[in-house]
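# Chain and residue survey
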Amino acid sequence: MMEIKNVSKSYGGKRALDNVSLTLPQGQIVGLFGENGAGKTTLMKCILGFLRFSGEITLDGAAVTRKNISRLSFATSEHSFFPNLTATAHKEFYGLHFPRFSEKRFNGLLEFFDLPKYKALRQFSTGQKNQLEVILSLCQGAEYILMDEPFAGNDVFNREDFYKVLLGILGPTETIFLSTHLIEEVESFIGRAVLIRRGKIVGDVSMLELEESGRRLMDYVKETYHYKADRVSKALSDLTDEE
Ligand SMILES: Nc1ncnc2c1ncn2[C@@H]1O[C@H](COP(=O)(O)OP(=O)(O)OP(=O)(O)O)[C@@H](O)[C@H]1O
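Everything numeric in this text was worked out from a predicted model, so none of it was measured.

Cut-offs and rules
Residues numbered from 1 in each chain as written. Predicted model: local features only at pLDDT ≥ 70, side-chain atom pairs only at ≥ 80, totals over all residues. Helix = DSSP H or I, 4+ residues; strand = E, 2+ residues; numbered from the N terminus. Rg over C-alpha atoms; globule rule 2.2 N^0.38 Å. Axes fitted to C-alpha atoms, helices over the stretch in contact; angles between N-to-C directions. Parallel < 35°, antiparallel > 145°, perpendicular 65-115°, else oblique. Left-handed = near helix turned anticlockwise from the far one by under 90°. Contact = placed C-beta atoms within 7 Å. Nonpolar A, V, L, I, M, F, W, Y, C, P; charged D, E, K, R; others polar. UniProt positions renumbered as here; feature names shortened; annotations may be inferred. Core = buried A, V, L, I, M, F, W, Y, C linked by C-beta atoms within 7 Å. Buried ≥ 20, exposed ≤ 12 C-beta atoms within 10 Å, placed from the backbone. Pairing = 2+ DSSP bridges. Near = placed C-beta within 6 Å. pLDDT = per-residue confidence, 0-100.

## Side note on the overall build of the protein
A count of helices and strands for the protein gives nine helices and ten strands. Relative to a compact globule of 243 residues, whose C-alpha radius of gyration would be 18 Å, the protein shows 19 Å and is just as compact. Counting only C-alpha atoms and orienting by the principal axes, one finds that the protein spans roughly 60 × 45 × 40 Å.

## As for the packing of helix α3 (residues 103–112) against helix α4 (residues 126–139)
One way to put it is that α3 packs onto α4 with a least axis distance of 9 Å and a crossing angle of 160 degrees. Regarding the angle of α3 to α4, the classification is roughly antiparallel. Note that α3 runs across α4; the crossing there is right-handed. Contact residues: Arg105, Phe106, Leu109 and Leu110 in α3; Ile135, Leu138 and Cys139 in α4. When grouped by side-chain class, the residues that make up the contact of α3 with α4 number six nonpolar, no polar and one charged.

## Things to note about the UniProt feature "domain: ABC transporter" (unreviewed entry) in the protein
Under the local residue numbering, the UniProt record ascribes the feature "domain: ABC transporter" (unreviewed entry) to residues 2–223. Spanning residues 2–223, this segment combines 33% helix with 28% strand, and its end C-alpha atoms are found 28 Å apart.

## A word on the nonpolar core
One recurring pattern in soluble globular proteins is that nonpolar side chains are buried together. By size, the foremost hydrophobic cluster in this structure holds 48 residues, and its most contacted members are Ile135 and Leu146. Broken down by element, this core gets its largest block of residues, five residues, from α4. Here Leu146 is in contact with Met44, Ile47, Leu48, Leu72, Ser73, Phe74 and Phe177, once residues within four sequence places are set aside.

## Some thoughts on the pairing of strand β3 (residues 29–33)
The buried fraction of β3 is high, at four of five residues. In the sheet, β3 pairs with strand β8 (residues 175–179) via four bridges, with the strands oriented parallel. Counterpart to Ile29 in the pairing with β8 is Ile176. Sheet topology places β3 next to strand β9 (residues 192–197); four bridges connect them, and they run parallel.

## Topic: the site of the ligand
The environment of the ligand is made up of Tyr11, Lys14, Ala16, Gly34, Asn36, Gly37, Ala38, Gly39, Lys40, Thr41 and Thr42. Listing elements by their share of the shell around the ligand, those giving two or more residues are β2 (14–24) and α1 (40–47). Residue composition of the shell around the ligand, grouped by class: three nonpolar, six polar and two charged.

## A word on the confidence of the model for the protein
Residues of the protein with pLDDT of at least 70 account for 99%, and the chain-wide mean is 93. Ranking the helices and strands of the protein by mean pLDDT puts strand β1 (residues 2–11) first, with 98, and helix α9 (residues 231–240) last, with 84.

## A look at the sheet that holds β2
With antiparallel pairing, the four strands of this open sheet are ordered in space as β2-β1-β4-β5. Where the open sheet ends on each side, the last strands, each with one partner, are β2 and β5 (62–63). Bridging between β1 and strand β4 (residues 54–59) involves five bridges; their strand directions are antiparallel. Its bridge partner lying in β4, Glu3 is registered against Thr58. In this fold α1 packs onto β1, β2 and β4, with an angle of close to 65 degrees to the strand it touches most, β2.

## Description of the sheet that holds strand β10 (residues 200–206)
Each strand in a sheet pairs with another by means of backbone hydrogen bonds, the pair being arranged parallel or else antiparallel. An order of β6-β7-β8-β3-β9-β10 is seen for the six strands of this open sheet, with the pairing classed as mixed. Unpaired on one side and paired on the other, β6 (72–76) and β10 mark the two borders of the sheet. Neighbour-to-neighbour, the strand axes of the sheet open up by a mean angle of 15 degrees, direction not taken into account. Against the sheet, helix α8 (residues 217–225) engages β3, β9 and β10, with an angle of about 25 degrees to β9.

In structure tokens, the structure reads:
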């Protein structure tokens with residue numbers, strides 16, 4: 001179980017995370033949603049130890065250190081791979097460094113996305129680079145797989161088919177913590193939705209609970225954010241007013 005307790009993070013004087021507490025048990029797919037600048041990437045980077053923060057993040061009670069960091073993986077659109085290496089070279093490198101690396105999963109997903117095996121990654125398209133990030137994060141043998149807007153640049157067929165593949169391959173102890181703006185697309189396969197706003201957790205709901213209350217995830221998000229439905233008409237009226 002991952003426990004995030006009272007985590008705060010500021011960049012200079014600007015507070016990006018404000019006393020965030022969250023528990024992520026193993027075996028869940030958890031969506032992390034929030035407006036631009038809400039703190040999603042910052043939270044993931046704190047979990048991974050990329051950023052200093054105040055508060056505590058533990059895995060089964062132990063702080064995240066080099067001893068247990070292999071329980072975590074990260075797919076980021078900022079990219080974490082070696083641009084001059086091919087997908088096959090990455091497979092070899094990861095295989096050497098991650099004892100639980102799954103070559104079967106790597107090969108299967110590479111084929112699913114129809115990615116080139118012997119082309120340097122710097123020559124991949126944006127969508128292809130993101131696909132390889134996702135593949136690597138899923139093949140390392142990590143139990144907590146953090147994905148930050150992993151489907152950017154992926155076409156709709158690749159996304160929708162991938163959701164099905166993902167659901168089919170995940171083991172019972174694998175947890176996905178998925179930050180995305182594709183709320184309506186992912187609602188069919190996540191088990192829980194966490195909402196962050198201005199660095200604070202403002203919502204946390206299981207999809208079962210939502211379903212039982214007859215609400216869609218988007219309704220919950222709009223309610224929680226006090227979404228102002230008149231902002232479009234206001235903007236249009238401001239922008240088209242000739243006075
Ligand atoms: N390196 C940085 N230096 C200064 N401020 C930063 C830095 N990274 C993020 N911030 C600020 O911290 C806040 C949270 O940013 P973060 O990237 O975590 O948001 P996000 O929810 O991932 O947004 P998005 O959906 O737009 O990717 C924002 O106000 C952002 O401007």
